[in-house]
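Results of the structural survey
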Amino acid sequence: MNDLQKRTWAEISLPNIRRNYEAIRAALPSGCRFLGVVKADAYGHGALPVSRLLQEAGAEYLAVSCLDEAMELRRGGITMPVLILGHTPPEYTGMLIDQGFTQTVSALAKAREYSAAAQALGKTLRVHIKLDTGMSRLGFLCAGDYFDLGVGNVIASCQLPNLEPEGIYTHFAVSDEPGEDNKAYTREQFRLFRAVIEAVESRCGFRFALRHCANSGAMVHYPEMALDMVRPGLLLYGYGDDTGRLGLKPCMRLVTTVSTIKHYEAGTSVSYGRHFVTERHTRMGVLAIGYADGLPRILSNKCSFAVAGGFAPQRGNICMDMCMADLTDLPEAHVGSEVEIFGPANDLDSLAAAAGTISYELLCAVSKRVPRVYAE
Ligand SMILES: *Cc1c(COP(=O)(O)O)cnc(C)c1O
């Protein structure tokens, strides 16, 4: 990073990602494969550096949300299998096949379109079937009265020409939430997932090589659901439940700097809307981070940042490119001081809670204006 960029940056610890990968891997049943979820630019950590690390470390699969994200990986030299979790328009079937991507198939109509396109090209598309066992998002409906129809449609999809059904998966809605209701819901999703697989496999006489359902929440709370492959995202980046017990470390530290320091008398209003008024003589820092960098405006007057060995309360509305923080009680803070927005000194989960959201959203929110600085 050159000095011109020394405004706001995100420090990414590749060694921590590597250690997290190894710790997660070590806890898996033998033979269980590891799919690293690197969608949304690897939750803001940088899809390419993270994917290169996982490829080198021996992960078996990656997952992204769309074809553009998958292409970024191939262009960056990633050769390992990549599962596309979302929809890809069937006119891109040729690109999916030529790049060796694995496409999610979430309905019979889509399976037919991919099959027809692959047939026209005289090639075969590798697919994973996605079941909707209770998330009510993408996937073949199979709960309750839909069971037989769902099983029938999955079988019909798997028997179409020029599709290779390598895997089948589902996604949990509340695997990371406490409470007996949520546990029962997750267990029912798992039961249904297994029941559909069994019905399909026994009627078709083949086995899916990769049956997978465990996201981070399930890996922590239901290790018995690992099956053939796990799909951690958040856990890999060191956030989520029980990361301490598992020995996982956060991998991103969002840092800004103090641009200037001003002294105000009591009764001075600060920032747009005048929503904060000083109550004492105040030494106010102007920080070089705003909502365009990914610091949500909803956090205005609701958070503190780590600086000079203490915490500075954020004051006034957060602006697009700047915000203010009270440095009165932190005499060591000076112009140019580093201010940790979140990281080891300032917990991301608490910041997310103050914003009424989850750690995932704040990680993804770190915008492209913020340079990523990789610690090797
Ligand atoms: C995002 C995603 C994951 C990873 O979820 P985490 O909670 O970050 O572990 C796994 N599977 C699917 C289908 C996803 O969309």
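Here, the structure is the one placed above.
The following paragraphs examine the structure supplied in this document. Fair warning: this is a prediction, and the values are worked out from it, not measured in the lab.

On to the nonpolar core, then. By size, the foremost hydrophobic cluster in this structure holds 114 residues, and its most contacted members are L54 and F342. In terms of residue count, helix α8 (residues 180-204) provides more of this core than any other element does, 7 residues in total. Excluding anything up to four places from it in sequence, F342 contacts Y239, M252, R253, L254, L348, L351, L363 and V366. Counting 6 residues, the second-largest nonpolar core is a separate cluster that includes Y264, V270, F276 and M284.

Let us look at the site of the ligand. Near the ligand there are 13 residues, and of these K39, Y43, S216, L234 and Y360 occur at the shortest range. The contact in question runs from an oxygen atom of the ligand to an N or O atom on the side chain of K39, over 2.7 Å. Within the contact set of the ligand, an oxygen atom lies 2.6 Å away from a side-chain nitrogen or oxygen of Y360. Structurally, the ligand is housed in the largest pocket. Considered class by class, the residues forming the shell around the ligand number 6 nonpolar, 4 polar and 3 charged.

So, about the packing of helix α7 (residues 147-158) against α8. As a packed pair, α7 and α8 sit with axes 10 Å apart at the nearest point and diverge in direction by 50°. Taken together, the axis directions place α7 and α8 in an arrangement best described as oblique. Once α7 is placed against α8, the crossing between them reads as right-handed. Where α7 abuts α8, its residues F147, D148, V151, V154 and I155 lie against L192, A195, V196, A199, V200, R203 and C204. Considering only residue class, the contact of α7 with α8 consists of 10 nonpolar, no polar and 2 charged.

Cut-offs applied
Note that residues are indexed from 1 along each chain, following the sequence as it is written. A pLDDT threshold of at least 70 governs which residues receive local features in this predicted model, and a stricter bar of 80 or more applies before side-chain atom pairs are shown or counted, although totals over entire chains, interfaces and linings include all residues. Excluded from the side-chain calculation are hydrogens and water; included are all heavy atoms of the structure. Definition of nonpolar core: a set of buried residues of the types Ala, Val, Leu, Ile, Met, Phe, Trp, Tyr and Cys, connected through side-chain atoms within 4.5 Å. Each residue is assigned to one of three classes by its accessible area relative to the maximum for its type, calculated with a 1.4 Å probe on protein chains only: buried under 20%, partly exposed between the two thresholds, exposed over 50%. For helices the rule is a DSSP run of H or I covering at least 4 residues; for strands it is a run of E covering at least 2, with both sets numbered from the N terminus onward. It only takes one pair of heavy atoms within 4.5 Å for two residues to be counted as in contact. The near set for a molecule or strand comprises every residue that places at least one heavy atom within 4 Å of it. The definition of a polar contact used here is a pair of N or O atoms within 3.5 Å, where within protein one atom must be able to donate a hydrogen and the other to accept one, and adjacent residues in sequence count solely through side-chain atom pairs. A cavity, in this analysis, means grid points on a 1 Å lattice covering only the protein atoms where a 1.4 Å probe fits yet has no way out; a pocket is instead an open set bounded by protein on both sides within 12 Å along at least five of seven lines, and a residue lines either one if it has an atom within 4 Å of a point. Cavities and pockets are treated as containing a molecule whenever more than half of the molecule's atoms lie within 2 Å of their grid points. Basically, the charged four are Asp, Glu, Lys and Arg, the nonpolar ten are Ala, Val, Leu, Ile, Met, Phe, Trp, Tyr, Cys and Pro, and anything else, Gly included, counts as polar. For helices, the fitted axis covers only the stretch in contact; all axes are lines through C-alpha atoms, and the angles between them, taken along N-to-C directions, range from 0 to 180 degrees. Working rule for angles: under 35 degrees goes down as roughly parallel, over 145 as roughly antiparallel, 65 to 115 as roughly perpendicular, anything else as oblique. Crossing handedness follows the turn of the near helix against the far one: under a right angle anticlockwise gives a left-handed crossing, and clockwise gives a right-handed one.

That is the geometry; function is a separate question.
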